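Structure at a glance
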Amino acid sequence: QVQLVESGGGLVQAGGSLRLSCAASGRTFSSYGMGWFRQAPGKEREFVAGISRSGSSTSYADSVKGRFTISRDNAKNTVYLQMNSLKPEDTAVYYCAGRVVPRTYDYWGQGTQVTVSS
């Protein structure tokens, strides 16, 4: 099992940037595909970005393509989400998640709040 802890959230003005980090402990980090999700107040949780175990493959929600970048450092057991050109609609709690099988995320962090002011 893997434990996940997010950090890096905060308050930023529209157009600004933040980098989220997710530190993993437990079983071998490189065994897990990783993803970032977010949930805004009153809305369902949605997929933001995903990255393969090696980091060679990534995917993004249309709403963040060209603005967000997911990456990972398996030596540091950490996955990142670089968020640029932030918009007020990006305001949400952001969650890091890990998976063993495709499209099934079994492990979740506690979330970190991102607030973008207009």
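As a convention, each chain's residues are numbered from 1 in the sequence order in which they are written. Residue-level local features of this predicted model are given only where pLDDT is at least 70; pairs of side-chain atoms are given and counted only at 80 or more, and the full residue set underlies all totals for whole chains, interfaces and linings. To obtain the side-chain values, all non-hydrogen atoms of the structure were used and water was disregarded.

1. Topic: the overall build of the protein chain
This is how the line gets drawn: Under the DSSP-based scheme used, a helix requires at least four consecutive residues in state H or I and a strand at least two consecutive residues in state E, with every element numbered from the N terminus. Using C-alpha atoms as the atom set, the radius of gyration is obtained and then compared with a globule rule of 2.2 Å times the number of residues to the power 0.38. Summary of the burial criterion: residues with accessible area below 20% of their type's maximum are buried, those above 50% are exposed, and those between are partly exposed, where the area comes from a 1.4 Å probe applied to protein chains only. What makes two residues a contact is simply this: any of their non-hydrogen atoms within 4.5 Å. As used throughout, the charge tally considers Lys and Arg to be positive and Asp and Glu to be negative, leaving His and the chain termini uncounted. Taken as the charge location is NZ of Lys, CZ of Arg, CG of Asp or CD of Glu.
The helix and strand tally for the protein chain stands at 0 helices and 11 strands. Ordering the α and β elements of the protein chain from the N terminus gives β-β-β-β-β-β-β-β-β-β-β. Against the compact-globule benchmark of 13 Å for 118 residues, the protein chain has a radius of gyration of 13 Å, which places it among compact chains. Dimensions along the principal axes, computed over C-alpha positions, put the protein chain at roughly 40 × 25 × 25 Å. Residue burial in the protein chain is summarised as follows: out of 118 residues, 44% are buried. Counting only contacts in the protein chain whose residues sit at least 6 apart along the sequence, the fraction spanning at least 24 positions is 54%. Of note, the protein chain has its 13 positive side-chain charges centred 6 Å away from the centre of its 8 negative side-chain charges.

2. Some remarks on the sheet that holds strand β1 (residues 2-7)
To keep things clear, this is the line we draw: Strands are labelled as partners when DSSP assigns at least two bridges between them. Only the stretch in contact is used when a helix axis is fitted, and all axes are lines through C-alpha atoms; the angle between N-to-C directions ranges over 0 to 180 degrees.
Read from one edge of the open sheet, 4 strands run β1-β3-β8-β7, paired in antiparallel fashion. Either end of the sheet is taken by a strand with one partner, and the two such strands are β1 and β7 (68-73). On average, adjacent strands in this sheet sit at an angle of 15 degrees to one another, irrespective of strand direction. The pairing of β7 with strand β8 (residues 78-83) spans 6 bridges and is antiparallel. Note that in β8 the partner of R72 across the bridge is V79.

3. Considering the pairing of strand β11 (residues 112-117)
Along β11, the buried face is formed by T112, V114 and V116; none of Q113, T115 and S117, which line the opposite face, is buried. Pairing between strand β2 (residues 10-13) and β11: 4 bridges, direction parallel. Considered in β11, the bridge of G10 is made with V114.

4. Details of the nonpolar core
Test applied: Joining through side-chain atoms within 4.5 Å is the link that ties buried Ala, Val, Leu, Ile, Met, Phe, Trp, Tyr and Cys residues into a set, and such a set is a nonpolar core.
One finds M34, W36, V79, L81, M83 and Y94 to be the most contacted residues of the largest nonpolar core, which totals 29 residues. Elements supplying a minimum of two residues to this core: β1, β3 (18-26), β4 (33-39), β5 (46-51), β7, β8, β9 (92-101) and β11. When residues in this core are grouped by element, the largest group, 4 residues, is from β3. If we skip the residues at most four places from it in the chain, M83 touches G16, S17, L18, L20, R67, F68, Y94 and V114.

5. Section: the pattern of salt bridges
Rule in force here: The salt bridge definition used is simple: a Lys or Arg side-chain nitrogen within 4 Å of an Asp or Glu carboxyl oxygen.
Using the criterion set out here, one finds 4 salt bridges in the structure. One salt bridge connects R38 with E46, and the closest N-O pair in it is separated by 2.6 Å. Classification of E46 by relative accessible area gives partly exposed; the value is 35%. K65 is the partner of D62 in a salt bridge, and the nearest nitrogen-oxygen pair spans 3.2 Å. One continuous salt-bridge network, built from bridges that share partners, spans R38, E46, R67 and D90.

6. Focus on the environment of S17
To keep things clear, this is the line we draw: Within 3.5 Å is the distance limit for a polar contact, defined as a pair of N or O atoms, with the added protein rule that one can donate a hydrogen and the other accept it, and that residues adjacent in sequence qualify only through two side-chain atoms.
By the element assignment, S17 lies in the loop between β2 and β3. Here the alpha-carbon distance between S17 and Q82, two residues 65 residues apart in the chain, equals 7.5 Å. Non-local contacts of S17, meaning those with residues more than four positions away in its chain, are made with V12, Q82, M83, N84, S85 and L86. A polar contact is formed between the side chain of S17 and the side chain of N84, at a distance of 2.9 Å.

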